[in-house]
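This is what each chain is made of:
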Amino acid sequence: MKMLKMMKRLCAGILSVALASAICACGSEKKEGGEITRLKMILPGDKPAIYDEIYGKLNEMLREDIGAELEVEYYNYSDLNQKYSLLFSSGEECDIVFAADWLQYNQQASKNSFMEITDDMLKEYAPKTYETLTEIIKNEASVNGKLYMIPNTAKEYSENVVLIRGDLREKYGLGKLNDINDFEKYLTMIAEKESDIIPVVDLALSGLWTRDAVIAIPPSTELAYDIEKDEFVKKDYQDWYINSVKKTRELVDKGVIPADISVNKTTGSMFENGKAATYVKNLETSSSMAKKLRASHPEWKIEMYSFKKDVPKVINSSISNGLSLNRICKNPEKALQTIELLRNDKRYFDLTWYGIEGKHWQAEGDRGYISLNDSLPAEEKYVAGAVWGWKNESMLRRDSSEIPEKQEILDAWEQVTVDSDIYGFTFDDTNVKTEIATVKSTASQYGGPLYNGMVAAGEIDKAFSEYQKKLEQAGIDKIYDEVTRQYKEYREKKDAGK
Amino acid sequence: MRRANNVKAYKALKKRSLWQEICRYRVLWLMAMPAIIYVLLFSYTPMAGIVLAFKKYDYASGIFKSPWCGLENFKFFFKSGQAAVVTRNTFLYNIAFIFLGNFLQMITAVFLSEMRNKYSKKLAQTCIFFPYFISWVVVGAFIYNIFSVDYGVLNNILKSMGAEPVNVYTQPRYWPFIITVIDLWKGVGYGSVVYLAAISGLDTSIYEAAEIDGASLVKRVYYITMPMLRSTMITLILLGLGRVFRGNFSMFYQLVGNNGVLYNHTDVIDTFVFRTLLSSNDIGMSAAVGLYQSVLCFVFIMMANGVIKKIDDSSALF
Amino acid sequence: MDNEENKSMPKNPADKAFVVFSYAFSIFMALLGVLPFIMLISGSFTSEAYIINHGYSFFPGEFSLEAYKGIFRNSAKVIDAYEITVFTTAIGILVTLIFTSMTSYVIYRRDFPWRNKLAYFLFFTTLFSGGLTPYYMLMMKLGMKNNIAALIVPHMLSVFNILIVRNFMNGLPYEIVEAAKIDGANDFQIYTTIIMPLIKPVLATIALFVGLELWNQWYQCMLFVSDSKLFTLQYYLYNMLNNATAMKELMSGANVDTSSIDIPQESTKLAMTMIAAGPVLLLYPFVQKYFVKSITVGSVKG
């Protein structure tokens, strides 16, 4: 029976191929009858198990409110990069596209992937959104003076925090970890005494020992922006970076970091399985891990620390997640109206972010919620996926079961947060594309081993000077000059505008 | 005037005879038609995309209207200073894989076919096929289990014998050997199937005659089986050489990963390009490297096929 | 049905030694293949914590079915994927065999004046390609999006296979074709009645290759299928395996909670291999008889 059905499907498929080639596929798209406009949106990630339930409900509201229907197509992370660029290069039809700096928003925009979103369009179809887009945000999301994205509006930091095992700390008579030196004591102790536990499996931690108030932008250039000095620097020439490499190697030699850790692919779940003594991830990830482990392994007494509470920080660029219109979007009006509702209408926001009220979550006042997901069977759970595209600070609810340290750390970070418009600076890489590609390959060949602690302590200086020589051959100075020049222009323009 | 008429008539005649020739073979032409249409549609039509290697691709303008940019897209590859190294690596690894691989596959097939009991033959053949099914991700994990400094099987053995542990992940010189052995191991079962099929296609009457003449088994294998497998081997080697400048991305990526220490000995064109263009996803640049590989393969295979054609016309590919 | 015979042991001591060596060599190669596989099976039945702490071993250190339970949590999807895969593989093999053998036969015919040009015309496509973008555009134009044909059509013709079959045909004595022609058979009849029965071993080989390719395919599915009802088995597994890792790499900078994403666990990776390879391994011995059984050309000739 089933075979028969598939055979039918195949025949229909072949028939459609034949038809498509016969009529040359021109204008075969038929407009929907009636008033309903069908919109298609591309999001990264997996389709939620209960997609039909959530988005069915969403469509009921959309039909009523603006006479539209939304269909979401999900691009899995494993092939996201490839499919995302194919989407634009092949001119496939869709209306709303997820966009982000980690999906090369700037480069995509300069290749004409998106439709420009003008102030007039916003005022007419997304007035509430328009109000939330401050000058700074608009600046950040503009490429060559044109806005192509409605970025999320939320305060975020990309800094890592550390989780440790409180039971091990107490076992060796250490007090609460006040600073990085206490942390190092904890690590050395474990390296010496616990033969079955690896102190560190995450190389992201090597940055903790240096006071590096920098942001690694533009991406893949080996340059960094120094927050305090307000200038760009070549990262691999800076003492703080060289010192952090030396520190990593010192920790390798002490047995704190395993020598071949960068090759090990199982590190991700080691902390959860009691094989590793630290977990170094961003605040969101670490907090939920801590919450999870406090429930499943209360005896571990998980503790969370941020050792760089006093180093100046800048809030993430708003383009770290957002929504854009496809260049060939057929219904920009309806698409913008939809985005407006997703972002600014509580019914839409709550539904897409948290699921169905009473089933997946319960409200706690206006700004809080309790998640009920854990009590549901797997196929009923709502895993929202990449809804960050319409993240909006004023709509967000706080999970009331969240661990308390998270807010404490956020408050502390807020104290040292610097006002900066650095993310308004968008680098145009047209003139140095070749150099960036070359620098990137040089960095992975010569910089990678240094970063991973694979170069012997005595040879680090030598390796760095060779690395720097290779970077110069690759054209790092040309990139540096280009970035500095463009940044100067950007500053001048800003100052003139004041 | 007359002369011109003659030429016309001659041309017409020639045309007719060509047409007649084609008609004479119409059944064969009809039989080849599906394949011809298929490659015209699915291979030759998209080949127009090769122009992307010389263009600055702009999504709004599409493939043909995007502006030309000369050799700009090729620059990143040659500027890195790694072009020669990765091209050399790709070539040498493939040569090792193709020649050693075919040799191992052939002798495995010969030995398998000399097994007497059909059940043990089937069992052995199935076992040899197993590695084909193990994905490179899992092979990578196994390799780490063998070579890991602190927990690896190899170092545990070394330590128990009182020897110094080795960290192969910082020693590039071991890797050509490791990678070649792994490739041979993974491909031998799959590759030997063609040779087994070729052996079963051999005319048994020759064996019988040789046996009656008193030729020993070793002699029969050496003087009859092996030479008769020669043309199969040449075909397979030529087919392999047609891809000699294309690296097996998943193998190198899963075995070596992002370990820069090993790159000089392990980096192939495909892994290099993947790493370099990962975040920019530049279609023009990847088309440029693809074209570079194609041209090298083209030149190489034309030469190899030409040489074979001189020596043994029937084994040449075309 | 199975008319394959055990070969008899030779009497001559030198020949005996050769046979013994054949056994030794084959057993050695078989062990190299089977030992890691046993480790893999054992690993797939071992608890995650045990693998993380002790690595792989030949026997499950701590028996657990978690990995399989995890994959089959959504068993309806796995079963759907199996069905699609079986269907596309079966149809694909059938179509490819006809397609390949027919084309090979044309370039095998020595009297066909264009045979080398045709071979070259086909082989050329393996050297040059226009890259993904134009191919993708073409397929979309042909209506291949979410079309089950997208999973079969791209595998229908492999120049590699055509040339292997042609090479096998070259090994046949050409007189059989000429004799048939004199008997008045047309070109197509020669192909169906004379050639086809003789090339069974190589057709079995090609069927195996194409079958494995179709069975293991995920790439076409990744490109053209977004409807999860049409996912192939390997694509389903590929997603489970790579999604989390890829997400973590991509988003290392963004402050997004990635802890809820299931990390593909070691035992799961191994169990996936078993689930994908299992059916093929069970079928493989049955296919084998076609390419280890000798075909006597002489008997057909007569």
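Here the structure is a predicted model, which means the values were calculated and not measured.

### With respect to the overall build of chain A
No. 1: Helix and strand counts for chain A come out as 17 helices and 16 strands.
No. 2: Burial status across chain A gives 44% buried among its 498 residues.

### Description of the overall build of chain B
No. 1: Check the secondary structure of chain B and you find 15 helices and zero strands.
No. 2: Relative to a compact globule of 318 residues, whose C-alpha radius of gyration would be 20 Å, chain B shows 26 Å and is clearly more extended.
No. 3: Seen along its three principal axes, the alpha-carbon backbone of chain B occupies a region of about 100 × 70 × 30 Å.
No. 4: Looking at chain B alone, contacts between residues at least 24 apart form 68% of all its contacts between residues at least 6 apart.

### A short note on the packing of helix α2 (residues 51-66) of chain A against helix α12 (residues 332-344) of chain A
Residue and element names in this part refer to chain A.
No. 1: Direction vectors running N to C along α2 and α12 enclose 120°, while the axes themselves pass 11 Å from each other. Between α2 and α12, the angle is such that the two are oblique. In this structure, α2 crosses over α12, and the sense of that crossing is right-handed. Of the residues in α12, those in contact with Leu62, Asp65 and Ile66 of α2 are Lys334, Gln337, Thr338 and Leu341.
No. 2: Looking at side-chain class alone, the contact of α2 with α12 contains three nonpolar, two polar and two charged residues.

### Looking at the interface of chain B and chain A
No. 1: Taken together, the contact pairs 34 residues of chain B with 33 residues of chain A.
No. 2: Those elements giving two or more residues to the side of chain B that touches chain A turn out to be α4 (72-79), α7 (136-147), α14 (269-277) and α15 (283-311) of chain B.
No. 3: Considering every element that reaches the side of chain B that touches chain A, the biggest residue donor is α14 of chain B, with four residues.
No. 4: Classifying every residue of the side of chain B that touches chain A gives 14 nonpolar, 15 polar and five charged.

### Considering the domain arrangement of chain A
Residue and element names in this part refer to chain A.
No. 1: One can read the domain layout of chain A as domain 1 (32-155 + 315-403 + 418-427) and domain 2 (160-305).
No. 2: For domain 1 versus domain 2, the separation of C-alpha centres amounts to 33 Å.
No. 3: Each side of the interface is counted separately: domain 1 has seven residues, and domain 2 has eight residues.
No. 4: Grouping the amino acids of the side of domain 1 that touches domain 2 by side-chain chemistry returns four nonpolar, two polar and one charged.

### Some thoughts on the sheet that holds strand β12 (residues 302-305) of chain A
Residue and element names in this part refer to chain A.
No. 1: Pairing within the open sheet is antiparallel, and its three strands lie in the order β11-β7-β12. The open sheet has two free edges, formed respectively by β11 (278-282) and β12, since each of these has just one partner strand. In this sheet, neighbouring strand axes are inclined to one another by 25° on average, regardless of whether the strands run parallel or antiparallel.
No. 2: Of the pairings in the sheet, the one linking strand β7 (residues 160-165) to β12 comprises four bridges and is antiparallel in character. When the sheet's bridge partners are listed, leucine 163 is paired in β12 with methionine 304.
No. 3: Running over the sheet, helix α11 (residues 283-296) touches β7, β11 and β12 and is turned about 135° from β11.

### Some points on the interface of chain C and chain B
For interface size, the figure often reported is the accessible area lost on association.
No. 1: Listed per partner, the contact involves 86 residues of chain C and 79 residues of chain B.
No. 2: Considering each element in turn, the side of chain C that touches chain B owes the most residues, 17 residues, to helix α1 (residues 13-44) of chain C.
No. 3: Along the lines of polarity and charge, the residues of the side of chain C that touches chain B split into 53 nonpolar, 25 polar and eight charged.

### Considering the pairing of strand β3 (residues 96-99) of chain A
Residues and elements named next belong to chain A.
No. 1: Of the two faces of β3, both are covered, the one formed by Ile96 and Phe98 as well as the one formed by Val97 and Ala99.
No. 2: Across two bridges, strand β1 (residues 37-44) lies against β3 in parallel orientation. Residue pairing across strands places isoleucine 42 opposite valine 97, the latter belonging to β3.
No. 3: Looking at chain direction, β3 and strand β13 (residues 322-325) are connected through four bridges and run antiparallel. Among the inter-strand pairings, alanine 99 is bridged to a residue of β13, identified as glycine 322.

### Points about helix α6 (residues 132-141) of chain C
No. 1: Taken across its 10 residues, α6 of chain C has eight buried, putting it largely inside the fold.
No. 2: Among the residues making up α6 of chain C, those that are buried are Leu132, Thr133, Pro134, Tyr135, Tyr136, Met137, Met139 and Met140 of chain C.
No. 3: Taken together, the buried residues of α6 of chain C touch α3 (80-89) of chain A, α3 (62-65) and α15 of chain B together with α11 (219-224) of chain C.
No. 4: Where α6 of chain C ends, the next residue or the one after it, glycine 143 of chain C, has phi of about 75°, a positive value.

### What about the nonpolar core?
No. 1: Met149, Leu163 and Ile339 of chain A together with Leu122 of chain C are the most contacted members of the largest nonpolar core, which totals 291 residues.
No. 2: Residue contributions to this core peak at 10 residues, all from helix α9 (residues 175-201) of chain B.
No. 3: In this structure, leucine 122 of chain C is in contact with Ala35 and Val39 of chain B together with Val159 and Ile162 of chain C, ignoring residues within four places of it in sequence.

### Side note on the domain arrangement of chain B
No. 1: According to the domain assignment, chain B consists of domain 1 (1-40) and domain 2 (72-315).
No. 2: For domain 1 of chain B and domain 2 of chain B, the distance between their C-alpha centres works out to 44 Å.

### Overview of the sheet that holds β3 of chain A
Residues and elements named next belong to chain A.
No. 1: Spatial ordering of the open sheet is given by β2-β1-β3-β13-β6, a layout of five strands whose pairing is mixed. Strand pairing shows two members of the sheet lacking a second neighbour, β2 (68-75) and β6 (149-151), which therefore form its edges. Mean inter-strand twist for the sheet, computed between neighbouring axes without regard to direction, equals 25°.
No. 2: Running at roughly 55° to β1, α12 makes contact with β1, β2, β3, β6 and β13 of the sheet.

Parameters and conventions
- Residues numbered from 1 in each chain as written.
- Chains lettered and ligands numbered in written order.
- Predicted model: local features only at pLDDT ≥ 70, side-chain atom pairs only at ≥ 80, totals over all residues.
- Helix = DSSP H or I, 4+ residues; strand = E, 2+ residues; numbered from the N terminus.
- Buried ≥ 20, exposed ≤ 12 C-beta atoms within 10 Å, placed from the backbone.
- Rg over C-alpha atoms; globule rule 2.2 N^0.38 Å.
- Contact = placed C-beta atoms within 7 Å.
- Axes fitted to C-alpha atoms, helices over the stretch in contact; angles between N-to-C directions.
- Parallel < 35°, antiparallel > 145°, perpendicular 65-115°, else oblique.
- Left-handed = near helix turned anticlockwise from the far one by under 90°.
- Nonpolar A, V, L, I, M, F, W, Y, C, P; charged D, E, K, R; others polar.
- Domains from an automatic or database assignment.
- Pairing = 2+ DSSP bridges.
- Core = buried A, V, L, I, M, F, W, Y, C linked by C-beta atoms within 7 Å.

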